[in-house]
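# Observations on the model geometry
Each chain is listed here by its residues.
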Amino acid sequence: MTLSTRAELFAKSIHANQVDKAGKPYSEHLQSVVNNLVEPSEEMVAVAWLHDSVEDTESTFDDLTHYFGNTVSEAVCAITKVDNEPYDKYLARVKSNPIARLVKIADLTHNMDLSRLPVVTERDLARKEKYLKAKEFLEN
């Protein structure tokens, strides 16, 4: 079984009872991030499946290192938000890891798609603006 397939199965299992902002199964968001990757490697696809695993589940970086290796675990670590970390510092950390940077761009692309929301609020529009700036920073 490939690294990316193992990551997909693991992610679908740990996020099984979660939904996204649109109320859809969380695995659909993860699949969209995978679909948004450009010329992905196995590691990139694995990180796309796992990018929210530590942030949104009981999974740990030790779990990811054990099951998926250092490259994947380090990229997920780079993309995982830390409590009270300023957003600009977070983005700089994401940008410092090539895999995390490309996965975060794919993640932001999906998160900015407001057409998936049943109702778009001012808060959604503000979040989209924030994500547009973040994506521009990561792309340059």
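Residues numbered from 1 in each chain as written. Predicted model: local features only at pLDDT ≥ 70, side-chain atom pairs only at ≥ 80, totals over all residues. Heavy atoms only, no water.

### Let's talk about the environment of His 29
The residue His 29 is located in helix H2 (residues 26-36) in this model. Put simply, His 29 and Ser 59 are 30 residues apart on the chain and 18 Å apart in space, counted from C-alpha to C-alpha. Setting aside anything within four residues of it in sequence, one finds His 29 in contact with Asp 20, His 51, Asp 52, Asp 107, His 110 and Asn 111. (Helix = DSSP H or I, 4+ residues; strand = E, 2+ residues; numbered from the N terminus. Contact = heavy atoms within 4.5 Å.)

### So, unusual backbone geometry
Even without glycine at this site, Glu 39 takes up a positive phi of about 45 degrees. Turning to its location among the elements, Glu 39 is positioned in the loop between H2 and helix H3 (42-50). The class for Glu 39 is exposed, based on a relative accessible area of 76%. Of note in this structure, Asn 84 is not a glycine but carries a positive phi near 65 degrees. Tracing the sequence through the fold places Asn 84 in the loop between helix H6 (70-79) and helix H7 (87-95). Residue Asn 84 is classed as exposed on the basis of its relative accessible area, which comes to 80%. (Buried < 20%, exposed > 50% of the residue type's maximum accessible area, 1.4 Å probe, protein only.)

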